[in-house]
Amino acid sequence: MTKKAADTPAVVVPKGIRKGLTNYGDTGFSLFLRKAFIKGAGYTDEALDRTIVGIANTGSGYNPCHGNAPQLIEAVKRGVMMAGGLAIDFPTISVAESFSTPTSMYLRNLMSMDTEEMIRAQPMDAVVLIGGCDKTVPAQLMGAASANVPTIQLITGSMLTGGHRGVRVGACTDCRRYWGQFRGQEIDEQEINEVNSKLVASVGTCSVMGTASTMACLGEAMGIVMPGGASPPAVTSDRIRIAELTGKQAVEMARSGLTPDKILTAKAFENALRVLLAIGGSTNGIVHLTAIAGRMGFDIDLEAFDRMSRETPVLVDLKPSGQHYMEDLHRAGGLQTVLHALRPLLHLDALTVTGRTLGEELDDVPVFSQDVVRSFADPIYPAGGIAFLRGNLAPEGAIIKQSAADPRLMEHEGRAVVFENSEDMALRIDDPELDVNADDILVLKNIGPVGAPGMPEAGYLPIPKKLARAGVKDMVRISDGRMSGTAAGTIVLHVTPEAAKGGPLALVQSGDRIRLSVAERSIELKVSDEELARRRALWQQPQPVDAERGYRKLFYEQITQADKGCDFEFLRPPAMRAKVPEDR
Ligand code: FES
């Protein structure tokens with residue numbers, strides 16, 4: 001040993017209550033003060049010497065999807081105690097889908113910043129993130145990926161299904177189905193009010209394979225959720241048990257130093273993409289995965305993802321692509337049954353929060369007969385749920401959820417009926433004088449990341465009332481926005497670049513011809529280059545609204561397009577490491 005090495009004291013990384021001391025210029029005093037204050041809440045020195053697990057509490061009266069947060073926190077704390085740790089819960093922003101204006105997506109990045117900074121600022125050796133409603137899980141995982149403290153995601157779980165006049169119903173595929181029937185005058189006002197009380201039978205997240213369920217499944221596929229943790233419904237004992245196990249495991253992760261960078265690897269993201277396709281997952285899943293992967297330095301290669309899509313059938317028979325609900329998937333073995341079926345296509349050596357590999361976890365999974373997860377020989381849809389499109393209308397791409405589209409419309413050419421923005425659509429879509437027929441293609445501009453702002457789920461354009469009343473159920477619809485994972489239809493989304501940034505979508509006019517070919521993965525505007533150049537010379541960029549100060553100013557300055565996950569530019573690493581999936 002050299003003299004220098006012998007003289008250099010080992011660097012002790014502070015843990016537990018000693019971690020991240022407040023800067024008063026005197027570390028001894030900082031610790032003294034911190035302990036004095038927390039002792040005011042009745043803690044002993046013995047408790048404060050333990051490994052600390054923070055619990056991000058996203059319970060909120062405005063978020064019924066997280067209505068079981070108090071029970072989950074209690075169970076996590078029990079698990080942490082059982083493993084010899086100390087659990088401390090703390091609040092962060094909670095974002096509920098239908099309680100956020102202009103849209104929950106506008107707030108996702110704010111929640112990710114809150115989560116990242118509170119994990120970093122407060123003393124914790126590991127963190128349990130309680131999330132569930134659509135944007136909360138991606139926001140938390142984006143924040144956790146950047147903070148890189150041992151992290152385990154706990155899902156709040158899906159709501160129970162309800163019943164309406166003898167028919168099983170659940171949010172929110174059935175919300176849209178009944179609303180469509182009401183618009184088409186198939187049901188009256190009394191019935192639509194009646195069903196409104198039946199669609200959501202308990203607290204918890206939407207009961208179909210919408211964005212919340214998709215993100216829960218992707219979390220488990222990436223190994224950042226406890227095995228079996230995606231599917232238990234919110235109000236079941238299984239959900240509470242997963243919470244207890246999550247708390248226990250968080251202590252183990254703190255002790256072993258199992259940080260997100262060891263779990264959220266390129267292989268984990270590729271596994272998640274595979275699962276997204278096989279579950280018929282929400283199109284939002286691709287935006288959120290892109291954002292989470294971006295935080296870890298990975299770009300999602302959408303062309304390669306599309307090649308994966310051609311070899312990955314939809315196996316899960318859940319609405320909106322199929323017929324069942326999340327509680328049925330849980331009874332069928334949950335995501336583990338899906339992972340088992342996909343085993344030959346997965347990276348089994350990817351690490352999970354248990355410290356074991358995905359393959360090791362799957363070795364212990366019982367296989368039994370059930371009717372929710374199909375085999376490769378008998379899929380719900382022969383290819384992956386999502387297809388990636390390109391063309392002169394979407395030079396940087398667009399996507400379509402082909403498993404939830406009308407097969408008759410997937411090869412279609414039609415006349416564009418254009419709405420300049422959401423307000424224009426709201427004003428005119430139900431006008432009896434609107435020049436529209438069932439073969440037309442509805443185009444909605446300016447609902448992209450910048451345009452709305454926040455890329456709202458307005459891409460599910462309603463069928464014009466006069467056509468709905470004539471029995472039209474689906475039309476080709478195109479926008480630069482998103483749609484709810486619970487929605488279905490022949491709907492082209494995430495057109496990039498968006499109209500508000502001058503993408504070709506901005507130049508489309510009513511009467512233009514548009515051709516969609518899902519088989520060729522193309523979306524083409526059949527207008528000459530000369531005419532498009534003429535229109536571009538006349539185009540005026542819409543001005544941002546209320547963008548002078550605050551979060552909205554930051555949002556407009558930093559928001560990226562869908563192909564970068566709509567993350568803020570300054571939250572992404574300065575350089576990307578690799579593409580996912582690797583070249584196929
Ligand atoms: Fe929260 Fe659907 S509204 S999960």
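Residues numbered from 1 in each chain as written. Predicted model: local features only at pLDDT ≥ 70, side-chain atom pairs only at ≥ 80, totals over all residues. Heavy atoms only, no water.

1. Comments concerning the packing of aromatic side chains
Phase 1 of the analysis: Inspection of every chain in the model, using the stated rule, returns 12 aromatic pairs.
Phase 2 of the analysis: Centre to centre, the rings of phenylalanine 29 and phenylalanine 32 are 6.3 Å apart; their planes meet at 35°, and the pair counts as tilted. A residue pair is termed a helical-turn pair when its members lie 3 or 4 positions apart in one helix, as phenylalanine 29 and phenylalanine 32 do in helix H2 (residues 27-39) at 3 residues.
Phase 3 of the analysis: Taking NZ or CZ as reference, arginine 176 lies 5.6 Å from the ring centre of tyrosine 460, over its face.
Phase 4 of the analysis: A cation over an aromatic ring shows up here: arginine 477 above the ring of tyrosine 460, its NZ or CZ 5.5 Å from the ring centre. (Phe/Tyr/Trp six-rings, centres within 6.5 Å; stacked < 30°, edge-to-face > 60°. Helix = DSSP H or I, 4+ residues; strand = E, 2+ residues; numbered from the N terminus. Lys NZ or Arg CZ within 6 Å of the ring centre and 35° of its normal.)

2. A closer look at the environment of cysteine 133
Phase 1 of the analysis: Within the element layout of this structure, cysteine 133 appears in the loop between strand E3 (126-131) and helix H6 (136-147).
Phase 2 of the analysis: Among the residues examined, cysteine 133 registers a relative accessible area of 2% and is labelled buried.
Phase 3 of the analysis: Here the alpha-carbon distance between cysteine 133 and methionine 209, two residues 76 residues apart in the chain, equals 12 Å. (Buried < 20%, exposed > 50% of the residue type's maximum accessible area, 1.4 Å probe, protein only.)

3. Observations regarding the side chain of arginine 552
Phase 1 of the analysis: Locating arginine 552 in the fold gives a position in helix H21 (residues 550-558).
Phase 2 of the analysis: Comment: no salt bridge for buried arginine 552; closest opposite-charge side chain is aspartate 546, at 4.8 Å.
Phase 3 of the analysis: Those residues in contact with arginine 552 that lie beyond four places of it in its chain are Pro102, Tyr106, Pro453, Val545, Asp546 and Ala547. (Lys, Arg positive; Asp, Glu negative; His and termini not counted. Salt bridge = Lys/Arg side-chain N within 4 Å of Asp/Glu carboxyl O. Contact = heavy atoms within 4.5 Å.)

4. Details of the pattern of salt bridges
Phase 1 of the analysis: Scanning the model with the defined rule gives 50 salt bridges in all.
Phase 2 of the analysis: It is possible to trace a salt-bridge network through shared partners that takes in Glu97, Asp134, Lys135, Glu457 and Arg482.

5. Describing unusual backbone geometry
Phase 1 of the analysis: Along the chain, threonine 101 connects to proline 102 via a cis peptide bond; the corresponding omega equals 5°.
Phase 2 of the analysis: Here proline 102 lies in the loop between strand E2 (86-91) and helix H5 (104-121).
Phase 3 of the analysis: Following lysine 319, the chain continues into proline 320 via a peptide bond in cis, with omega recorded as 5°.
Phase 4 of the analysis: Secondary-structure assignment places proline 320 in the loop between helix H14 (302-310) and helix H15 (326-331).
Phase 5 of the analysis: The residue methionine 455 is not glycine, and still its phi comes out positive at about 50°.
Phase 6 of the analysis: Position of methionine 455 relative to the elements: it lies in the loop between strand E11 (441-444) and helix H19 (465-469).

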